[in-house]
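Close look at the chain arrangement
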Amino acid sequence: MHEAPPTPSPTSPAAPAEPLSHGLKQRHLTMLGLGGVIGAGLFVGSGAGIAVAGPAIVVSYLIAGALAMLVMRMLGEMSAAMPASGSFSVHAERALGRWAGFSVGWLYWFLLVLVLAVEATAAAQIAHGWVPGVEPWAWVLLFMVVFTVANLTAVKNFGEFEFWFASLKVGAIVVFLVLGGLAVFGLLPDTDPVGMTNLTGEGGFLPNGWSGVVSGVLTVVFAFGGLEVVTIAAAETDDPARAVGRAVRSAVVRILFFYVGSMLVIVTVLPWTAQQAGLSPYVKVLDAIGVPSAGQIMNIVVFVALLSALNANLYGSSRMIFSLAERGEAPRGLLKVSGGGEKGGGAAGSSGRAGGVPRRAVLASVAFGFVSVLLNLLWPDTVFLYMLNSVGAVLLFVWALIAASQLRLRARLEQEAPDALALRMWWFPYLTWVTLAGLLGVLLLMLTDDAARPQVLWSAGATALVLLVAVGREWRERRARRDPSALTDR
């Protein structure tokens, strides 16, 4: 067993190299950054945010997006200096100790494999609507098998899937922004200029006051989850430091533009009271401006968004558990990669492997994903709901640990390897502290919200359990180092 960081230092050449292939290209990473966070939460879930905040949902998205952008800037700084397949789990271990890397890694893995079930089930429901003769469970099985196979082969296959999925989603939003902008100015056939009427009417810009804006933030902040996969994927590019820096720089600003721009178009074209939770506001707008078959068009976009998220989450979960195994925090049998042996296996370098894919890690992730799907199909309102609540606020915990890790590692990097800081966090350390305060504020606000409170409490319980296991492991290993016979005597 190895000792906790800081030795070796985060930039030490003695640190172990990642035994994965470098099959991802810059275009894959860039589109993963753009499309990985654009999902059903935006296309459908944004309606719930509009219902509680009104036109001020634009402000809610600005606040939530700014929070996500700051977190990604911090994560980008660390990942550019110290690229690793475990990303923020590795950074947390180096900055705070093994307990932090173990906890955040396993919590994030658990989050991804549970969300897999939601995405697969939702995509299956859409497909069942198109082909009623095929039961939803059969669609779920098909999706899981297809993306398992894609992730078991060369990593470039994952990259190509995500590139085209993301291209479709980004293209759909661009077309929506163009059509919506033309409608606002009355430049489409049979339309009149809308002006600012819908932004100031129906109760004004803040129909529910600032409390509505806050409720909107709680509704939409989780829609920005998924950007973290970019820094995980960067380890499988030819130039990880440069690739992750470019991807983070381009992704956060453009995504903020897509999200805020979309909301601005929606609440300008139609009164906010026309939106309903559970119904896509995009469909409402496209119907209003006369786009034929708007509902089916958006169904296709949402379907692609769900499959894209499923693919990205399967990839991210497999790399996270692989990284945990690499650091001795998960079974070492998961280190087996295609085309070579285990880590440190000698001649089988990354260039010598046919695929360089951690197949056992992929299979372990998809196996639990299948269990999650089964639970979602059999007990969606009981067992699976409790499990989903147990990770409902985990994303905020992960973001908080990213910020805490950056506070520690930035000082160390400036002292030991300032040249590695190719991408720097703005106004350090002030904005890092502001981000931590913002994340704590969101969690406290969730505790005051009847709908969100169970997620915080269940997630806190799950986090406490994982922390207990992490601390117990460290205590046991320290005891073994002091008295090697202690474990064999038991």
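Just so you know, these numbers come straight off a predicted model, no measurement behind them.

Reading guide: rules and limits
Residue indices follow the written sequence of each chain, beginning from 1 at its first position. Confidence filtering applies because this is a predicted model: local features only for residues at pLDDT of at least 70, side-chain atom pairs given and counted only at 80 or more, and all residues used for totals across whole chains, interfaces and linings. Side-chain numbers here rest on the full set of heavy atoms in the structure, without hydrogens or water. Helix numbers and strand numbers start at the N terminus; a helix is a DSSP run of H or I with at least 4 residues, a strand a run of E with at least 2. Summary of the burial criterion: residues with accessible area below 20% of their type's maximum are buried, those above 50% are exposed, and those between are partly exposed, where the area comes from a 1.4 Å probe applied to protein chains only. In this analysis, two residues are considered to be in contact whenever any of their non-hydrogen atoms come within 4.5 Å of each other. Here, Shrake-Rupley sampling with a 1.4 Å probe gives the accessible areas, and only protein chains in the shown set may cover a residue. Only centres within 6.5 Å qualify two rings of Phe, Tyr or Trp (six-membered ring in Trp) as a pair; their planes then separate them into stacked at under 30 degrees, edge-to-face at over 60, and tilted for everything else. Axis definition: a line fitted to C-alpha atoms, over the contacting stretch in the case of helices. Angles run 0 to 180 degrees between N-to-C directions. Each crossing is labelled by how the near helix is turned from the far one, with a counterclockwise turn of less than a right angle marking it left-handed and a clockwise turn marking it right-handed. Think of it as three bins: nonpolar holds Ala, Val, Leu, Ile, Met, Phe, Trp, Tyr, Cys and Pro, charged holds Asp, Glu, Lys and Arg, and polar takes everything else, Gly as well. Patches here are clusters of residues that have more than 30% relative accessible area and form no salt bridge, with a 9 Å joining cutoff for like charges and a 5 Å cutoff for nonpolar side chains (Val, Leu, Ile, Met, Phe, Trp, Tyr). Salt bridges are defined by distance alone: a side-chain nitrogen of Lys or Arg within 4 Å of a carboxyl oxygen of Asp or Glu. Note that the arc is computed from the directions linking the helix axis to the C-beta atoms. A helix's residues, less one, multiplied by 1.5 Å, set its expected span. In this analysis the local bend is the angle between axes fitted, respectively, to the seven residues ending at and the seven residues starting at the residue. pLDDT runs from 0 to 100 and stands for how confident the predictor is about each residue. Working rule for angles: under 35 degrees goes down as roughly parallel, over 145 as roughly antiparallel, 65 to 115 as roughly perpendicular, anything else as oblique. Pairing of N or O atoms within 3.5 Å defines a polar contact, subject to two protein rules: one partner must be a possible hydrogen donor and the other a possible acceptor, and residues neighboring in sequence count only if both atoms are side-chain atoms.

1. Focus on the overall build of the protein
- Helix and strand counts for the protein stand at 20 helices and 0 strands.
- Projecting the C-alpha coordinates of the protein onto the three principal axes gives extents of approximately 80 × 55 × 45 Å.
- Looking at the 490 residues of the protein, the share that counts as buried comes to 55%.
- At a minimum sequence separation of 6, the contacts of the protein that also span at least 24 residues come to 79%.
- Of the roughly 19,800 Å² of accessible surface on the protein, a fraction of 66% belongs to carbon and sulfur atoms.

2. Examining the packing of aromatic side chains
- Throughout the structure, instances matching the rule amount to 19 aromatic pairs.
- Seen in terms of ring centroids, Phe161 and Phe165 are 6.0 Å apart; in terms of plane orientation they differ by 35°. Their pairing is tilted. Of the two residues, Phe161 and Phe165 both sit in helix α8 (residues 155-184), 4 residues apart, roughly one turn of that helix.
- Following the ring pairs from residue to residue traces out a cluster consisting of Phe102, Trp106, Trp109, Phe110 and Phe368.

3. Description of the packing of helix α6 (residues 98-130) against helix α17 (residues 394-416)
- Orientation of α6 relative to α17, taken along the N-to-C sense of each, is 145°, at an axis distance of 10 Å. The two elements α6 and α17 cross, and the hand of that crossing is left-handed. Across from Val104, Leu107, Tyr108 and Leu111 in α6, the residues of α17 making contact are Val394, Val398 and Leu401.
- Taken together, the residues that form the contact of α6 with α17 break down as 7 nonpolar, no polar and no charged.

4. With respect to a nonpolar patch on the surface
- Where nonpolar side chains cluster on the molecular surface, the patch consists of Trp137, Leu141, Val145, Val149, Phe370, Leu374, Leu377, Leu378, Trp379 and Val383 and spans about 910 Å² of accessible area.
- Its place among the elements puts Leu377 in helix α15 (residues 359-378).

5. A few points about the pattern of salt bridges
- In the structure shown here, the tally under the stated rule is 9 salt bridges.
- Taking the shortest distance from any N to any O, the salt bridge between Glu236 and Arg319 comes out at 2.7 Å. Here Arg319 lies in helix α14 (residues 294-326) and Glu236 lies in the loop between α11 (228-233) and α12 (240-269), a separation of 83 residues in the sequence. The residues Glu236 and Arg319 share a single accessibility class, namely buried.
- The network of salt bridges with shared partners includes Glu77, Arg410, Glu414 and Arg424.

6. Looking at helix α3 (residues 46-53)
- Every buried residue of α3 is listed here: Ser46, Gly47, Gly49, Ile50 and Ala53. Buried residues of α3, viewed axially, fall in a sector of 160°; they line one side.
- Where the residues of α3 are buried, they touch α2 (40-43), α4 (57-81), α10 (209-220), α12 and α13 (281-288).
- Of the residues one or two after α3, Gly54 is the one with positive phi, at around 70°.

7. So, α17
- Taking 1.5 Å as the rise per residue, α17 with 23 residues should run 33 Å; its terminal C-alpha atoms sit 32 Å apart, in good agreement.
- The largest bend along α17 reaches roughly 25° and is located at Leu409.

8. Focus on the confidence of the model for the protein
- Residues with a pLDDT of 70 or more make up 90% of the protein, whose mean pLDDT is 82.
- Taken element by element, the predicted model of the protein shows its lowest mean pLDDT in helix α20 (residues 485-488) (53) and its highest in helix α18 (residues 430-448) (93).
- Segment residues 1-18: pLDDT under 50, and 32 contacts once partners within four positions in sequence are set aside and those in other chains are kept.
- In this model, residues 340-354 is a region of pLDDT below 50 whose contacts with residues beyond four sequence positions or in other chains number 24 contacts.

9. A look at the packing of helix α5 (residues 88-96) against α6
- Two elements in contact, α5 and α6, have axes whose closest approach is 6 Å; the angle formed by their N-to-C orientations is 160°. As summarised for this structure, α5 and α6 are arranged roughly antiparallel, according to the angle between their axes. The two elements α5 and α6 cross, and the hand of that crossing is right-handed. Residues Phe88, Ser89, Ala92, Glu93 and Leu96 of α5 pack against Arg98, Trp99, Ala100, Gly101, Val104, Gly105 and Tyr108 of α6.
- Class assignment of the residues belonging to the contact of α5 with α6 gives a composition of 7 nonpolar, 3 polar and 2 charged.

10. Focus on the environment of Ala403
- Summarising the element assignment, Ala403 is placed in helix α17.
- Overall, the relative accessible area of 0% leaves Ala403 in the buried class.
- In sequence terms Ala403 and Phe258 are 145 residues apart; their C-alpha atoms lie 25 Å from each other.
- Those residues in contact with Ala403 that lie beyond four places of it in its chain are Met74, Thr432 and Leu436.

11. Points about the side chain of Asn151
- Within the secondary structure, Asn151 is located in helix α7 (residues 136-152).
- The exposure class assigned to Asn151 is buried, which follows from its relative accessible area of 2%.
- One polar contact links Asn151 to Asn311, side chain to side chain, over a distance of 3.0 Å.
- In contact with Asn151, other than residues within four places in its own chain, are Phe158, Asn311, Leu314, Tyr315, Val357 and Val362.

12. Some details on unusual backbone geometry
- With an omega of 0°, the peptide bond between Phe428 and Pro429 qualifies as cis.
- With respect to the element layout, Pro429 can be found in the loop between α17 and α18.
- The backbone of Ser87 sits at a positive phi, close to 45°, despite the residue not being glycine.
- Its place among the elements puts Ser87 in the loop between α4 and α5.
- In this structure, Ser293 is a non-glycine residue whose phi angle is positive, near 55°.
- Along the polypeptide, Ser293 turns up in the loop between α13 and α14.

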